[in-house]
Amino acid sequence: MAASPLLDTSRLCVHTITTQPWPVEEAIERYVQAGVAGMTVWRQALTGRDPARVGEQIRAAGLSIVSLCRGGFFPAPDPAGRQAAIADNRRAIEEAAALGAPLVVLVCGAVPGQPLEESRRQIKEGIMAVLPDAERYGVRLAVEPLHPMYADSRSAINTLAQANDICAELASPLVGVAVDVYHLWWDPHLEAEIRRCAQARRLFAFHVSDWKTPTEDLLNDRGLMGEGCIPIRQIRGWVEEAGFSGFNEVEIFSNKYWAMDQQEFLQAIKTAYLRHV
Ligand code: ZN
């Protein structure tokens, strides 16, 4: 069953990358003016800044900090590469703690030519290696499955079933999943796997955008909600039936939208959110 329409923006979160042309300080101000309630901070938005100070600014403006994007990219062909990835994920967890973000989203990684099973093994080892850091800082980690078109180089975890499996193996209350409709809408097992992760209390985040036909760029041509073919409201219904009551996070990478006036784009996001999420 599809969820009822959203009547307000009290659960609307926007990722800083969605309005990438704005520095984080401007994004904070504009989001608050638009009635956005939450912000997910991308690490590049923190470049040259003190994460603790940015966290204070976000909270002082009245926005909730939903998560930090992103950690991951654990697989590498050699041990030195894998160690470097682990060190970078430790820094991401520290940044999240300083910022005051309760969650780090993991785009888990893959190496072209390396068997996906091997990459998944390295992902599991990488997460195990940083779990003590997550525990020390009380920061949760969300494995985000990516659409299979990214299985070559961005993630060897491509279905929610695979993400659920790795979480079950790690068996930590700090490790869960991020459900992103862009990556998962096509999966015939999606509803069942959403129920599975919710039962295990590991549904940590919900990301929305839309799938355009044709998609002109594999990375940076995501659509605004309602512009594509994803049954977003139906998937939100599954997520909420499973007990999720967190933010609906708008995460759009789009050369087209980054080129337009960001204030107009933010208004379009708000309209599309109320109409299609
Ligand atoms: Zn996402």
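Note that this is a predicted model, so its numbers are computed, not measured.

Rules and cut-offs
Residues numbered from 1 in each chain as written. Predicted model: local features only at pLDDT ≥ 70, side-chain atom pairs only at ≥ 80, totals over all residues. Heavy atoms only, no water. Donors = N, O, S within 2.8 Å, 3.2 Å for Na, K, Ca; no water. Tetrahedral: all angles 85-135°; square planar, octahedral: opposite > 155°, others 65-115°. Helix = DSSP H or I, 4+ residues; strand = E, 2+ residues; numbered from the N terminus. Buried < 20%, exposed > 50% of the residue type's maximum accessible area, 1.4 Å probe, protein only. Arc of directions from axis to C-beta. Contact = heavy atoms within 4.5 Å. Polar contact = N/O pair within 3.5 Å; in protein donor to acceptor, adjacent residues only side chain to side chain. Pairing = 2+ DSSP bridges. Axes fitted to C-alpha atoms, helices over the stretch in contact; angles between N-to-C directions. Right-handed = clockwise from strand over helix to strand, strands pointing away.

On to the coordination of the zinc ion, then. Coordination of the zinc ion by the protein comes from Glu144 (OE), Asp180 (OD), His207 (ND1) and Glu251 (OE), over a distance range of 2.0 to 2.2 Å. The site at the zinc ion holds four donor atoms, and with the angles between them running 82 to 163°, its shape is irregular. Along the chain, the residues donating to the zinc ion fall in the pattern E-x35-D-x26-H-x43-E. Note that Glu144 is positioned in the loop between β5 (140-143) and α5 (160-170) and Glu251 in the loop between β8 (248-250) and α9 (255-258), a separation of 107 residues in sequence. You can call Glu144 buried: its relative accessible area is 2%.

Taken together, the buried positions of helix α2 (residues 51-60) are occupied by Pro51, Val54, Gly55 and Ile58. Along α2, the residues classed as buried sweep out an arc of 105° about the axis, all on the same side. In the core, the buried residues of α2 are packed alongside α1 (24-34), β2 (38-42), β3 (64-72) and α3 (79-99). Where α2 begins, one side-chain oxygen reaches toward the backbone nitrogen of Ala52, 3.1 Å away; that side chain belongs to Asp50. Just beyond α2, the residue with positive phi is Gly62, at close to 100°.

This next bit is on the sheet that holds β8. Strand-to-strand pairing in sheets goes through backbone hydrogen bonds, with the strands running parallel or antiparallel. As summarised here, the arrangement of the eight strands in space is β1-β2-β3-β4-β5-β6-β7-β8, forming a closed barrel in which the pairing is parallel. Strand-to-strand twist of the sheet, defined as the mean angle between neighbouring strand axes without regard to direction, takes the value 30°. Seen against the sheet, α3 touches β2, β3, β4 (103-107) and β5 and runs at an angle of roughly 170° to β3.

For the rest of this paragraph, the subject is the pairing of β5. When β4 meets β5, the two strands line up parallel, connected through four bridges. Paired with Leu103 across the strands is Arg140, a residue of β5. A crossover links β4 with its parallel partner β5, the connecting element being helix α4 (residues 116-137), and its sense is right-handed. Inspection of the sheet shows β5 paired to strand β6 (residues 175-180) by three bridges, in the parallel sense. Each bridged residue has a counterpart across the sheet, and for Leu141 the counterpart in β6 is Val175.

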